[in-house]
Amino acid sequence: MTSWRRHACKGIPQTAALGLTLALVSGPVAALDDLDFDTPGMSENLRSQIKAYSALAAAEGEDRVSGQDILAAALSDYGILTETLYDAGYYGGVISITLDGREASGIPLLETPDTVGTVRVEVRQGPQFTFGRADIAPLAPETTLPGGFASGETAAASVVGDAADASIEAWRQVGHAKAEIAQESVTADHRDSTLDVAMGVAPGPRLTFGALQNVNDSSVRSAARRRIAGIPTGEVFDPDEVDDAVRRLTETGAFSTVTLREAETPNADGSLDMLLSVSDAKPRRLGFGAEVSSLEGLSLETYWLHRNALGGAEQFRIDAEVSDISGETDQIDASLTARLEVPAAVAVWDPDTTAYFQLALSSENEPTYLSNSIELSTGVSRRFSDELSGSLGIGLRYSEVDDDLGYRDFLLFTLPTTLTWDKRDNDLDPKSGWYIDTDLTPFVNLTGAGDGARLYSDMRGYYGFGADKGTVLAGRLQLGSVLASPLEDTQPEYLFYSGGAGSVRGQPYQSLTVDLGDGDETGGRSFLGLSGELRQDIGESFQVVAFADAGFIGADSAPGSDGNWHSGAGLGLRYKTGIGPLRVDVAGPTSGDTGNGVQLYIGIGQAF
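These notes cover the structure that comes with them. (Residues numbered from 1 in each chain as written. Predicted model: local features only at pLDDT ≥ 70, side-chain atom pairs only at ≥ 80, totals over all residues. Heavy atoms only, no water.)

A look at the overall build of the protein
Broken down by element type, the protein carries seven helices and 30 strands. The C-alpha radius of gyration of the protein comes to 33 Å, more than 25% above the 25 Å expected for a compact globule of 608 residues. Each principal axis of the C-alpha atoms in the protein carries an extent, and together these give about 95 × 65 × 50 Å. Taking all 608 residues of the protein together, 46% fall into the buried category. Here the contacts in the protein between residues at least 6 apart in sequence split such that 59% fall between residues at least 24 apart. For the protein, the exposed area adds up to about 28700 Å²; of that, 54% sits on carbon and sulfur atoms. (Helix = DSSP H or I, 4+ residues; strand = E, 2+ residues; numbered from the N terminus. Rg over C-alpha atoms; globule rule 2.2 N^0.38 Å. Buried < 20%, exposed > 50% of the residue type's maximum accessible area, 1.4 Å probe, protein only. Contact = heavy atoms within 4.5 Å. Areas by Shrake-Rupley, 256 points an atom, 1.4 Å probe, with all protein chains shown as cover.)

What follows is the structure, encoded as structure tokens:
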């Protein structure tokens, strides 16, 4: 009968630790002729694990085959392979590793061979143990132990550790931050191949959050760090609150690393202080992007970001974009936006709420209108969960417009509202999940008629299948509507158009409009866009895509009979990079009378 403690199975024998130092000794390098694993009666799954975790197999794969390297790896493998057997429930295994016929553990360190030709690893697993006794107490309410931690189940060593971790975490979830395993007894009975486990938990007192202490200097003010972290001082300790605090601090972008740990001992009043240490990120960042279309021309965009602009982890960002360079029109579009975000600006309400202030200037030279505008807005954005976020603001927008209805100016009071629900597995190259982004902007024209609201929703879904989800079906539905405001009283920037990379590939940019008669045209009050893609990975770096798009523009607020459709289809190629796929799409029209010929689109990221 053998007794051992749970943490003992995590270690490596002293001979292995000594052997590792041999890898630092220089010496001649020679080829390893043969590395053989002999695992009689072992399942293919366990044999694969033995070879995958083996230090000898890793050394051979990396061409580290000097005598010193091989001996060091062999001595490590005694511990590594023993632990692998324990994790599969085998506690009576026998491991023999010979180097040219000599047992590696018996080779004196001062007699390390210069070369090794043949290595034989023999692993006899012995009987698989099951749990005889599997007890852990006391347990917190609603503790969920691993299903395998029960009498008669395979006695995998990892299950013992998982059971201990689960019991401690359950106590921490109800405020016992210092819960720990106080007693443990793990006994392997080789006579009947059973493992008896008994662990005692010391929950410790139920604690509340104490003060947040900043333990190092930062360019972000101490008060701002506390406000952003949002630790609820005085409330019962909750590890999820600690995780949220780290996430909030990290998402500001002001810090390259964030560490939040508990004080070693609670305070006399039953509170537990939290210790925060951070490393500041570089304060400034510059970025750029580009996209090319055969009809829309070249679009260039850049941004400049200043983190911690005012000492409170604020982000100040300036975005500039120039588009339609050498495109179908003779004039380019340009925009400039400055935005300041203040994290946890209303921390009394919720530290996940960020205030923003924005100034936007734009000059739009579109196929059916020319517009120069300026907009001031402010508001708050809130993160409700990992997937759900939203914003609410107020704005004042002034624009001067020249279109087929004449020269006009608009002064709008707006209430921009957004809601985003993102369940994608990867926002740069999704293979499963879905995404919904909805914008609702009620507006009041302060200089005349045309009060109403603009609604736009973008819905996307992804379904991957096959090996590593190498085949992906992607679909997109876009809905747009201008409510209440008559067509002729709505500023054209709020109307809808179809055609181009963002709606219907293969059709010219904003080519589908509402015909006013006598050659005049304008945007529509309703929009419906449909897109589908079949994406197929080719190797690790490439992907081919077949796609089809369709768009509808109508004069009424809801899509119906009063409008027109057009569509396009094509093929694309993606080259996967660290910043998203490099995209090339070639498309042509399949219905409608708004365009002809082949269109080319080049950009970064999937089309949707």
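There's plenty left to go through after this.
Section: unusual backbone geometry
Residue Pro138 is bonded to the preceding Ala137 through a cis peptide linkage, with omega at -5 degrees. With respect to the secondary-structure elements, Pro138 resides in the loop between strand 6 (130-137) and helix 5 (157-173). Its identity as a non-glycine residue notwithstanding, Lys469 has a phi of 55 degrees, on the positive side. Of note, Lys469 is situated in the loop between strand 22 (452-465) and strand 23 (471-483). With relative accessibility at 33%, the residue Lys469 sits in the partly exposed group.

Points about the nonpolar core
Core analysis: the biggest nonpolar cluster contains 29 residues, and Leu56, Leu85, Ile97, Leu99, Val119, Val121 and Val123 have the highest contact counts within it. For this core, the secondary structure elements donating two or more residues are strand 2 (34-38), helix 2 (44-53), helix 3 (55-61), helix 4 (67-87), strand 3 (94-99) and strand 5 (118-124). For this core, the element with the most residues is helix 4, which contributes eight residues. Non-local contacts of Leu85, meaning those with residues more than four positions away in its chain, are made with Met42, Leu46, Ile50, Tyr90, Gly93, Ile95, Val123 and Gln125. Formed by 25 residues, the second largest nonpolar core is a distinct cluster that contains Ala134, Ala155, Ala164 and Trp171. (Core = buried A, V, L, I, M, F, W, Y, C linked by side-chain atoms within 4.5 Å.)

Describing the pattern of salt bridges
In this structure the tally under the stated criterion is 34 salt bridges. Notably, a salt bridge pairs Glu62 with Arg64, separated by 2.8 Å at the nearest N-O pair. In this structure Glu62 comes out as exposed when scored by relative accessible area, which is 52%. Arg574 is paired through a salt bridge with Glu533; the nearest N and O atoms lie 3.9 Å apart. Of this pair, Arg574 sits in strand 28 (residues 563-575) while Glu533 sits in strand 26 (residues 526-538); the two residues are 41 residues apart in sequence, bridging distant segments of the chain. Of the two residues examined, Arg574 and Glu533, each falls in the buried class. Each of Asp244, Arg247, Arg248, Glu251, Asp352, Arg383 and Asp386 takes part in salt bridges that share partners, so that together they form one network. (Salt bridge = Lys/Arg side-chain N within 4 Å of Asp/Glu carboxyl O.)

Details of the sheet that holds strand 10 (residues 255-262)
Reading across from one edge, 9-11-10 is the order of the three strands in this open sheet, with mixed pairing throughout. Each of the sheet's edge strands pairs with one partner strand only, and the pair in question is strand 9 (208-214) and strand 10. Taken pair by pair, the neighbouring strands of this sheet meet at an average axis angle of 25 degrees, ignoring direction. The sheet contact formed by strand 9 and strand 11 (residues 271-280) spans five bridges and is parallel. Bridging from a neighbouring strand, Thr208 pairs with Ser271 of strand 11. Each of strand 9, strand 10 and strand 11 touches helix 7 (residues 239-251); the most contacted strand, strand 10, lies at about 160 degrees to it. (Pairing = 2+ DSSP bridges. Axes fitted to C-alpha atoms, helices over the stretch in contact; angles between N-to-C directions.)

Some thoughts on the pairing of strand 28
Of the pairings in the sheet, the one linking strand 27 (residues 542-554) to strand 28 comprises 13 bridges and is antiparallel in character. Opposite Val544, over in strand 28, you have Leu573 as the bridge partner. Two successive antiparallel strands, strand 28 and strand 29 (residues 582-591), enclose a turn made up of six residues, where Gly580 displays a positive phi of approximately 115 degrees.

Looking at helix 6 (residues 222-229)
Of the positions making up helix 6, those classed as buried are Ala224, Arg225, Ile228 and Ala229. The buried residues of helix 6 all sit within an arc of 130 degrees when viewed along its axis, so they share a single face. Where the residues of helix 6 are buried, they touch strand 9, helix 7, strand 10, strand 11 and strand 15 (333-343). Gly230 occupies a position one or two residues after helix 6 and carries a positive phi of about 70 degrees. (Arc of directions from axis to C-beta.)

Some points on the environment of Phe129
Checked against the element boundaries, Phe129 lands in the loop between strand 5 and strand 6. C-alpha separation for the pair Phe129 and Val545, spaced 416 residues apart in sequence, amounts to 51 Å. Leave out the neighbours within four places in its chain, and Phe129 touches Gly89, Tyr91, Gly92, Glu153, Thr154, Ala155, Ala188, Asp189, His190, Ser193, Thr194 and Leu195.

Focus on a negative patch on the surface
A surface patch of like charges, here negative, comprises Asp33, Asp34, Glu60 and Asp100. The residue Asp100 is located in the loop between strand 3 and strand 4 (102-103) in this model. Using a relative accessible area of 45% as the deciding quantity, one classes Asp100 as partly exposed. (Patch = residues over 30% accessible without salt bridge, like charges linked within 9 Å, V, L, I, M, F, W, Y side chains within 5 Å. Lys, Arg positive; Asp, Glu negative; His and termini not counted. Charge placed at Lys NZ, Arg CZ, Asp CG, Glu CD.)

A look at helix 5
Taking 1.5 Å as the rise per residue, helix 5 with 17 residues should run 24 Å; its terminal C-alpha atoms sit 25 Å apart, in good agreement. When we look at burial in helix 5, the residues that qualify are Ala157, Val159, Val160, Gly161, Ala163, Ala164, Ser167, Ile168, Ala170, Trp171 and Arg172. Against helix 4, strand 6, strand 7 (180-189), strand 8 (194-202), helix 7 and strand 10 lie the buried residues of helix 5. Count one or two residues on from helix 5 and you reach Gly175, which has phi positive near 105 degrees. (Expected span 1.5 Å × (residues − 1).)

Side note on the packing of helix 6 against helix 7
Packing of helix 6 against helix 7 leaves a shortest axis separation of 8 Å and a crossing angle of 125 degrees. With respect to their mutual orientation, helix 6 and helix 7 come out oblique. Residues Arg225, Ile228 and Ala229 of helix 6 form the contact with helix 7, whose own contacting residues are Ala245, Arg248 and Leu249. Class assignment for the residues of the contact of helix 6 with helix 7 results in four nonpolar, no polar and two charged. (Parallel < 35°, antiparallel > 145°, perpendicular 65-115°, else oblique. Nonpolar A, V, L, I, M, F, W, Y, C, P; charged D, E, K, R; others polar.)

As far as function goes, none of this settles anything; it's purely spatial.
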